[in-house]
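Listed here are the chains, written in short residue letters.
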Amino acid sequence: MKNLQLSIQGIEELPDYEVEQFAEEALFAKETLVEKRGPGSEFTGWVELPENYDKEEFARIKKAAAEIRANSKALVVCGIGGSYLGAAAAIDFLKGGMHNLKNAGPDGELQIFFAGNNMNPTYINDVLELVKDKDFSVNVISKSGTTMETSVSFRIFKKALEDKYGKEEAAKRIYATTDKQKGALKALADKEGYQTFVVPDDIGGRYSVLSAVGLLPIAAAGCDIDQLMAGAASMREEILGSEDDYNEVIAYASLRQQLYEWDRYIEIFVNYDPDLRMFAEWLKQLFGESEGKDGYGIFPASLNFTSDLHSMGQMIQDGERNIFETVINVRNTPKDIEIPAFDEDFDGLKYLEGKPVSLLNQTAIAGTQSAHLSGDVPQIYIEIPDRSEFSLGELFYFFEFACGVSAYTEGVNPFDQPGVEAYKKNIKEILARYQG
């Protein structure tokens, strides 16, 4: 694969027959996914998405994003799960996790706030406080229009818009990403004249970042969605067009299942860049909802190093040997800073004066990797060259495809989530007591 690189450490003792067995199973799972022969195959539209997407809607997304940037200083995105995690991951990765703080002034670019992903009143009030004195717009994302967290938040921000601008002008500032033909949100959008974008029928929420679900807020943030799609298309071509069947996706998916067989049932997604924190949150939903079924599944967790080495490093190094690490690294940092010089060596670090902080970060990666390998923690190392839209598109598609293959190898349907419905049902039953 042209940009993304994968390497493996701490698993050298794998018997050849096991490597071949799991690779064959992963290759069969890949064929099952591509040929739409497995359970949930009606939700595999994302496989072709980087090449086969609605070009007319794509143009409307870019136009709407330009409108939002022209008439607003803030965009509130109401969505939960796959309806916000991909966009949040992309915006933090491409614009930096502090983009809202950097754009807080009157001359700053568009700020992006996410709501509808919890039901905490303090959080909702805080977002309201942040946007009340700004020109703002709302992108509500829900296929049904009845997801409780999203619907409650949308009601609140819809009222805030109507109080601020009046009903007619507020409608011009509401963008609904929902079902193409049916559902409560689609009906409301048609009635009140909101611009609408489609949540595809054949793409589940956690695989939807490269559809209008993720693309509208990503484009509104000022990111190049053409390059994002180009990166995903490049990765798709590498996976499906390569003469070598045993590529990085097959390697990663099969290794995960081998490790699971060895009772390594916790996968820690590790990064050394705070701007990748939301990407790890996206990964946790992607793998958690896709694989955690029928009493099986690798538990996805995430850690941000070096910060979490000071809290979780001991557990990783000396705790139960039930984990493996998937490290995601960006080779080139867009900004660097040198360690300043002082006359006194007050902290014993004078020898580092003039050195770039990026050198320390890369040294921390190497030192931590060596320590964890000595502690019998297998590591899968995935690296991309830069924090560009193209590289991110590759990364999104790589993990989506690898997740589908891995789940099929495990023998579960990657595209349903029956367990999620249990808590929703209980909440609705309890709230029903307030009716009448």
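See the structure printed just above.
Criteria and cut-off values
Residues numbered from 1 in each chain as written. Predicted model: local features only at pLDDT ≥ 70, side-chain atom pairs only at ≥ 80, totals over all residues. Heavy atoms only, no water. Helix = DSSP H or I, 4+ residues; strand = E, 2+ residues; numbered from the N terminus. Rg over C-alpha atoms; globule rule 2.2 N^0.38 Å. Buried < 20%, exposed > 50% of the residue type's maximum accessible area, 1.4 Å probe, protein only. Contact = heavy atoms within 4.5 Å. Areas by Shrake-Rupley, 256 points an atom, 1.4 Å probe, with all protein chains shown as cover. Pairing = 2+ DSSP bridges. Axes fitted to C-alpha atoms, helices over the stretch in contact; angles between N-to-C directions. Expected span 1.5 Å × (residues − 1). Salt bridge = Lys/Arg side-chain N within 4 Å of Asp/Glu carboxyl O. Right-handed = clockwise from strand over helix to strand, strands pointing away.

*Asks:* Help me get a handle on the overall build of the protein, residues and values and all.
*Replies:* Each helix and strand counted, the protein has 16 helices and ten strands in total. The globule rule puts the C-alpha radius of gyration for 436 residues at 22 Å, and the 23 Å found for the protein is close to it. Principal-axis analysis of the C-alpha atoms places the extent of the protein at approximately 65 × 65 × 45 Å. A burial count over the protein gives 52% of its 436 residues as buried. At a minimum sequence separation of 6, the contacts of the protein that also span at least 24 residues come to 79%. With the model as given, the accessible surface of the protein reaches about 20000 Å², and the carbon-plus-sulfur share is 52%.

*Asks:* Provide a residue-level description of the sheet that holds strand 7 (residues 266–271), including the pertinent values.
*Replies:* In sheet architecture, strand pairing relies on hydrogen bonds along the backbone and comes in two forms, parallel and antiparallel. Here we have five strands laid out as an open sheet, ordered 1-10-9-7-8, and mixed in their pairing. The outermost strands of the open sheet, each flanked by one partner alone, are strand 1 (5–9) and strand 8 (299–304). Geometrically, the sheet is characterised by an average inter-axis angle of 20° between neighbouring strands, direction not taken into account. Where strand 7 meets strand 8, six bridges bridge the pair, whose relative direction is parallel. In the strand pairing of strand 8, isoleucine 266 is matched with phenylalanine 299. Packed onto the sheet, helix 14 (residues 357–374) meets strand 1, strand 9 (323–330) and strand 10 (379–384) and runs at close to 160° relative to strand 10.

*Asks:* Describe in detail unusual backbone geometry, supporting the description with residues and values.
*Replies:* Each neighbour pair has its own omega, and for phenylalanine 305 with threonine 306 the value is 10°, a cis peptide bond. A positive phi angle, near 55°, is found at lysine 36, a position not held by glycine. Within the element layout of this structure, lysine 36 appears in the loop between helix 1 (16–34) and helix 2 (55–71). One non-glycine residue with positive phi stands out, namely aspartate 376, at about 65°. Accessibility expressed as a relative area gives 36% for aspartate 376, which makes it partly exposed.

*Asks:* Explain the sheet that holds strand 2 (residues 74–78) residue by residue, including any values.
*Replies:* Strands sit in the order 3-2-4-5-6 across an open sheet of five strands; the sheet is parallel. Both outer strands of the open sheet, strand 3 (111–115) and strand 6 (195–198), are each paired with one neighbouring strand and no more. Each neighbouring strand pair of the sheet contributes to a mean axis angle of 20°, computed without reference to strand direction. Two elements, strand 2 and strand 4 (residues 136–141), share five bridges in a ladder whose sense is parallel. Residue pairing in the sheet places valine 77 in a bridge with asparagine 139 of strand 4. Sheet contacts for helix 8 (residues 184–192): strand 4, strand 5 (174–178) and strand 6; angle to strand 5, the most-contacted strand, approximately 145°.

*Asks:* An account of helix 15 (residues 389–410) is needed here, citing residue identities and associated values.
*Replies:* Here helix 15 contains 22 residues, and its C-alpha end-to-end distance of 31 Å stays within 8% of the 32 Å for a straight helix at 1.5 Å per residue. The buried fraction of helix 15 is high, at 21 of 22 residues.

*Asks:* So what's going on with the pattern of salt bridges? Which residues, and what values?
*Replies:* Counted under the stated rule, the structure contains 29 salt bridges. When the shortest N-O distance is used, the salt bridge between lysine 186 and aspartate 190 registers 3.2 Å. Of this pair, lysine 186 and aspartate 190 are both found in helix 8, four residues apart, which corresponds to roughly one turn of the helix. With a relative accessible area of 48%, aspartate 190 lands in the partly exposed category. Ionic pairing is found between lysine 284 and glutamate 281, a salt bridge with its closest N-O pair at 2.9 Å. One end of the pair is lysine 284 and the other is glutamate 281, both in helix 12 (residues 277–291) and three residues apart, which spans about a single turn. We classify lysine 284 as partly exposed; its relative accessible area is 26%. Judged by its relative accessible area of 25%, glutamate 281 is partly exposed.

*Asks:* Mind laying out the pairing of strand 9, listing which residues take part and the relevant values?
*Replies:* Among the eight residues in strand 9, eight count as buried, and that is most of the element. Burial along strand 9 is two-sided: the face carrying Ile323, Glu325, Val327 and Asn329 and the face carrying Phe324, Thr326, Ile328 and Val330 are both buried. Pairing analysis gives six bridges linking strand 7 to strand 9, with the strands arranged parallel. When the sheet's bridge partners are listed, asparagine 271 is paired in strand 9 with isoleucine 328. Handedness of the strand 9-helix 14-strand 10 crossover: right-handed.

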